[in-house]
There are 2 protein chains.
Amino acid sequence: MLDVCLLGTGGMMPLPNRWLTALLIRYNGRKLLIDCGEGTQITLKMLGWGFKTIDTICFTHYHGDHVTGLAGLLLTIGNSGRTEPITLIGPAGLEKVVQGLTIIAPELPFELKFIELSEETSIPSGDLLIKAVPVEHTISCFAYVIELQRRPKFKPDQAKALNIPTRFWKELQRGETVEWNGSIYTPDMVSGDKRKGIKVAYCTDSRPTLGLMDAIYKADLFVCEGMYGDDEDKPQAQKNKHMTFSEAAYLAKEGEVEELWLTHFSPALSEPEAYLSVATDIFPNTKLGEERMIKNLSFIQEKNA
Amino acid sequence: MLDVCLLGTGGMMPLPNRWLTALLIRYNGRKLLIDCGEGTQITLKMLGWGFKTIDTICFTHYHGDHVTGLAGLLLTIGNSGRTEPITLIGPAGLEKVVQGLTIIAPELPFELKFIELSEETSIPSGDLLIKAVPVEHTISCFAYVIELQRRPKFKPDQAKALNIPTRFWKELQRGETVEWNGSIYTPDMVSGDKRKGIKVAYCTDSRPTLGLMDAIYKADLFVCEGMYGDDEDKPQAQKNKHMTFSEAAYLAKEGEVEELWLTHFSPALSEPEAYLSVATDIFPNTKLGEERMIKNLSFIQEKNA
């Protein structure tokens with residue numbers, strides 16, 4: 001129902017066979033991309049999900065490895081025939097950064113819309129809710145939480161008991177209020193309990209923070225940087241404002257997420273698998289990111305209630 | 001003695017297994033790069049010749065596929081430990097383009113020097129001579145001819161006959177003039193005939209032009225765009241200011257070059273080999289570019305003279 005693909009697992013610079021970290025989310029015929037380093041369009045091409053329906057691109061921050069692929073990607077999206085606007089979201093300074101990078105692409109066949117962030121922000125985007133959460137890196141940086149919310153179950157028995165004509169049921173199911181025959185009917189009058197939606201969280205680059213721990217709470221999937229595998233590199237992680245595997249795993253545990261994917265490996269970390277157990281000892285459902293690793297997330301099947 | 005590597009063979013956009021067209025020239029411990037599209041640093045990494053000694057980067061023009069890899073490459077060169085300046089050469093507007101692209105890399109550990117071109121220009125660069133030649137594309141574009149000139153052979157017999165003391169021979173061999181005992185001795189007094197050096201020519205993107213034909217004359221290697229394989233695509237080539245294989249081969253033939261490499265294949269040209277014979281029928285020593293194809297060029301061995 002909602003498909004997630006980790007497009008690359010590298011940090012700092014693209015390497016042969018290791019693309020830079022970026023996440024693609026596909027839902028209901030549209031696609032949202034988070035981060036776009038050099039080469040992101042190539043791994044996207046390998047994935048084969050197409051370019052034309054990418055309508056939103058979010059940036060965590062403006063270090064080269066998260067943003068230098070933008071101009072090439074926009075040109076390729078243009079070549080795919082897109083003419084509808086693309087919304088770009090990122091920390092303050094976004095429009096200036098994009099103007100710089102696209103200096104060689106003065107004419108794109110679609111409009112670019114900019115949403116600049118300076119604090120925690122929730123942005124409705126169709127059925128999705130994009131939450132940007134400030135984190136702690138060497139420059140302004142945001143984590144993103146993408147939520148597909150689920151409406152409570154409609155209760156026909158309750159609607160019947162209230163004598164609401166069936167012609168109004170659809171509006172109530174859509175969450176709209178109905179006024180009829182002098183009475184007002186709100187959706188909660190004919191709805192069951194709140195239901196869990198789908199929640200995906202993505203954080204790179206950052207130190208662990210309490211705000212991040214809150215933001216990822218109960219996520220189905222938490223994609224998190226693990227620049228360093230070895231706990232002995234923690235002083236480096238602190239200095240460069242990154243995380244070790246165990247710090248990411250601790251966040252996942254405290255945030256009670258379902259599953260953790262580690263990514264954004266340092267170029268010096270040539271064998272991340274050597275350190276996987278450091279993370280699984282803390283949070284067992286940790287997976288090492290791999291190029292174009294995919295997860296399909298669906299609403300949880302409910303018991304008849 | 002002078003090593004040439006074609007870093008990629010694609011045009012328009014990088015593809016899985018086809019990097020964008022760029023040329024690396026290595027000579028005497030230093031390296032010169034022509035063009036730098038998205039992903040050039042990755043194919044450079046695959047080549048394994050290192051980043052630190054890249055001291056010159058030439059741009060043919062400012063379409064994305066020739067320039068969007070610059071910021072990432074500069075960051076990676078910085079990470080390699082280089083602190084010496086890098087000279088950038090390209091059509092007018094270079095500094096503005098580079099300022100735009102490097103907006104996300106505000107602090108590099110080396111100085112950038114800019115040489116902007118508006119007409120045919122010869123730029124001495126150590127032992128190399130870089131010639132930039134205007135060609136015909138949809139925007140301002142230059143071909144590059146890199147020459148390693150060879151000094152004429154020193155003739156000890158002539159130096160002896162002129163009674164020049166041996167302690168001055170080295171200066172004369174280096175091409176310097178010597179004054180001694182009231183007489184002036186010039187290198188040509190003790191030198192044989194002019195000798196052929198090494199000449200490499202690179203042209204993309206352009207229509208064939210007479211100026212280009214002159215510029216590549218007698219080159220040891222001519223690396224030329226062949227956006228289209230099929231002669232039937234000539235109207236497209238004319239419209240988009242590119243070349244077909246046969247047009248490039250005709251240039252190579254008229255320019256009397258030793259060898260032609262075709263590159264900058266259209267993304268639609270998935271099997272360039274299907275059209276190789278179109279070129280070899282005109283210029284037999286044509287080769288299809290391949291990723292990281294290398295040629296080592298040496299001065300021609302002379303007969304004892």
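Counting restarts for each chain: residues are numbered from 1 in the order of the written sequence. All chains are assigned letters beginning at A, and all ligands numbers beginning at 1, according to the order in which they are written. Totals for whole chains, interfaces and linings use every residue, but because this is a predicted model, local features are given only for residues with pLDDT of at least 70 and side-chain atom pairs only at 80 or more, for both listing and counting. Water and hydrogen atoms play no part in the side-chain values, which are based on all heavy atoms of the structure.

1. Some words on the UniProt feature "active site" (unreviewed entry) in chain A
Residue and element names in this part refer to chain A. UniProt positions are given in the numbering used here, feature names are shortened, and annotations may be inferred rather than shown by experiment. The UniProt entry lists D65 under the feature "active site" (unreviewed entry), expressed in the numbering used here. Secondary structure follows DSSP: runs of H or I at least 4 residues long count as helices, runs of E at least 2 residues long count as strands, and numbering of each begins at the N terminus. Here D65 shows up in the loop between β4 (54–58) and α2 (70–79). Only heavy atoms matter for contacts: two residues are in contact if any of them lie within 4.5 Å across the pair. Each residue touching D65, except ones within four places of it in the same chain, is listed here: G11, M12, L20, G37 and H264. Of the polar contacts made by the side chain of D65, one reaches the backbone nitrogen of M12; its length is 2.7 Å. Counted as a polar contact is a pair of N or O atoms within 3.5 Å, where, for protein atoms, one must be capable of donating a hydrogen and the other of accepting one, and residues adjacent in sequence contribute only when both atoms are in side chains.

2. Let's talk about the UniProt feature "binding site: Zn(2+) 1" (unreviewed entry) in chain A
All names here are of chain A. What UniProt calls "binding site: Zn(2+) 1" (unreviewed entry) maps, in this numbering, to H61, H63, H137 and D205. These annotated residues cover 145 residues of sequence, but their C-alpha atoms sit close together, with the largest distance between any two at 10.5 Å. Looking at the element boundaries, H63 is found in the loop between β4 and α2. Setting aside residues up to four positions removed in sequence, H63 forms contacts with H137, T138 and I139. Between buried and exposed lies partly exposed: a residue is buried under 20% and exposed over 50% of the maximum accessible area for its type, with that area taken using a 1.4 Å probe on protein chains only. The class of D205 is buried, set by a relative accessible area of 2%. Residues contacting D205, with those up to four places away along its chain left out, are H61, H66, V135, E136, H137, C141, E225, K241, H242 and H264. Side chain to side chain, D205 and H137 meet in a polar contact 3.4 Å long.

3. Points about the nonpolar core
Burial of nonpolar side chains together is a common tendency in soluble globular proteins. To form a nonpolar core, buried Ala, Val, Leu, Ile, Met, Phe, Trp, Tyr and Cys residues must be joined to one another through side-chain atoms within 4.5 Å. Core analysis: the biggest nonpolar cluster contains 30 residues, and I57 and F59 of chain B have the highest contact counts within it. Every element with two or more residues in this core is listed here: β1 (2–8), β2 (22–27), α1 (40–47), β4 (54–58), α2 (70–79), β5 (86–91) and α3 (94–101) of chain B. Setting aside its immediate chain neighbours within four residues, F59 of chain B contacts D35, C36, H66, V67, L70, L88, I89, G90, P91, L94 and Y144 of chain B. Within the second largest apolar cluster, 29 residues are counted, among which are F59, L88 and V98 of chain A together with I104 of chain B.

4. Describing the interface of chain B and chain A
Counting residues at the interface gives 30 residues for chain B, matched by 30 residues for chain A. Interface area, chain B with chain A, both sides summed: about 2,300 Å², of which 73% is carbon and sulfur. Contact with chain A buries area across many residues of chain B, yet E38, I42 and I104 of chain B alone supply 25% of it, more than any other trio. Here, a salt bridge means any side-chain nitrogen of Lys or Arg that lies within 4 Å of a carboxyl oxygen of Asp or Glu. Remark: the boundary between chain B and chain A carries zero salt bridges. Across the chain B-chain A interface, the total number found is four residue pairs in polar contact (both at pLDDT 80 or more). Of all the secondary structure elements, the ones that give two or more residues to the side of chain B that touches chain A are α1, α2 and α3 of chain B. Amino acid classes used here: Ala, Val, Leu, Ile, Met, Phe, Trp, Tyr, Cys and Pro are nonpolar; Asp, Glu, Lys and Arg are charged; the rest, including Gly, are polar. The residue makeup of the side of chain B that touches chain A, split by class, is 16 nonpolar, eleven polar and three charged. The term buried area means the drop in 1.4 Å probe accessible area that two parts suffer when joined, counted for both and summed.

5. Some details on helix α1 (residues 40–47) of chain A
Residue and element names in this part refer to chain A. Buried residues dominate α1, accounting for six of its eight residues. Looking at the packing, one finds that the buried side of α1 touches β1 (2–8), β2 (22–27), β3 (30–34), β4, α2 and β16 (293–297). Within two residues after α1, G48 carries a phi angle of roughly 85°, on the positive side.

6. Some details on the pairing of strand β7 (residues 121–125) of chain B
Bridge analysis of β7 of chain B against strand β8 (residues 128–134) of chain B gives five bridges, and the strand direction is antiparallel. Within the sheet, the bridge partner assigned to S125 of chain B lies in β8 of chain B and is L128 of chain B. Two strands qualify as a pair provided that DSSP identifies no fewer than 2 bridges between them.

7. Let's talk about the relation of the copies chain B and chain A
The relation between the two chain copies is a rotation about an axis coupled with a shift along that axis. For this overlay, a least-squares fit was computed on C-alpha atoms, restricted to residues scoring pLDDT of at least 70 in both copies. With an RMSD of 0.1 Å, the operation that places chain B on chain A is a rotation of 180° combined with a shift of 0.1 Å along the axis. The operation mapping one copy onto its partner corresponds to a two-fold rotation axis. Among all residues of chain B, the one whose C-alpha sits closest to the rotation axis is G100 of chain B, at a distance of 1.9 Å. Both copies share a contact surface, since 100% of the interface residues of chain B are interface residues in chain A too.

8. Digging into the packing of aromatic side chains
Residue and element names in this part refer to chain A. Centre distance within 6.5 Å is the pairing criterion for rings of Phe, Tyr and Trp, where only the six-membered ring of Trp is used; planes under 30 degrees apart are then read as stacked, over 60 as edge-to-face, and the remainder as tilted. Applying the stated criterion across every chain, the model contains nine aromatic pairs over all chains. On the basis of an interplanar angle of 55° and a centroid distance of 5.9 Å, the ring pair of F245 and F265 is categorised as tilted. With F245 in helix α8 (residues 245–254) and F265 in the loop between β14 (260–263) and α9 (276–280), this pair connects stretches of sequence that are 20 residues apart. The exposure class of F265 is buried, given its relative accessible area of 2%. By definition here, charges over rings are those cases where NZ of Lys or CZ of Arg is within 6 Å of the ring centre and within 35 degrees of the ring normal. The ring of W49 has R26 lying over it, and the distance from NZ or CZ to the ring centre is 3.9 Å.

9. Let's talk about the environment of T83 of chain A
All names here are of chain A. Checked against the element boundaries, T83 lands in the loop between α2 and β5 (86–91). Along the backbone, T83 and L108 are 25 residues apart, and their C-alpha atoms lie at a distance of 8.7 Å. Look past the residues within four positions of T83 in its chain and what remains in contact with it is P109 and F110.

10. A closer look at the side chain of D220 of chain B
All names here are of chain B. Structurally, the position occupied by D220 is in the loop between α6 (210–215) and β13 (221–225). Only 3.2 Å separates the side chain of D220 from the side chain of K196, close enough to count as a polar contact. Other than its neighbours up to four places away in sequence, D220 contacts K196, G197, I198, K199, E258, E259 and L297.

11. Describing the sheet that holds β3 of chain A
All names here are of chain A. Read from one edge of the open sheet, seven strands run β6-β5-β4-β3-β2-β1-β16, paired in mixed fashion. Edge strands, defined here as strands with exactly one partner in the open sheet, are β6 (112–117) and β16. Taking the axes of each pair of neighbouring strands and ignoring which way they run, one obtains an average angle of 15° across the sheet. For β2 and β3, the ladder comprises five bridges, and the chain directions are antiparallel. In the strand pairing of β3, Y27 is matched with R30. Comment: axis = line fitted to C-alpha atoms, over the contacting stretch for helices; angle = value between 0 and 180 degrees taken between N-to-C directions. Along the sheet, α2 makes contact with β3, β4, β5 and β6, crossing β4 at roughly 170°. Along the sheet face, helix α3 (residues 94–101) touches β5 and β6 and points at about 135° away from the line of β6.

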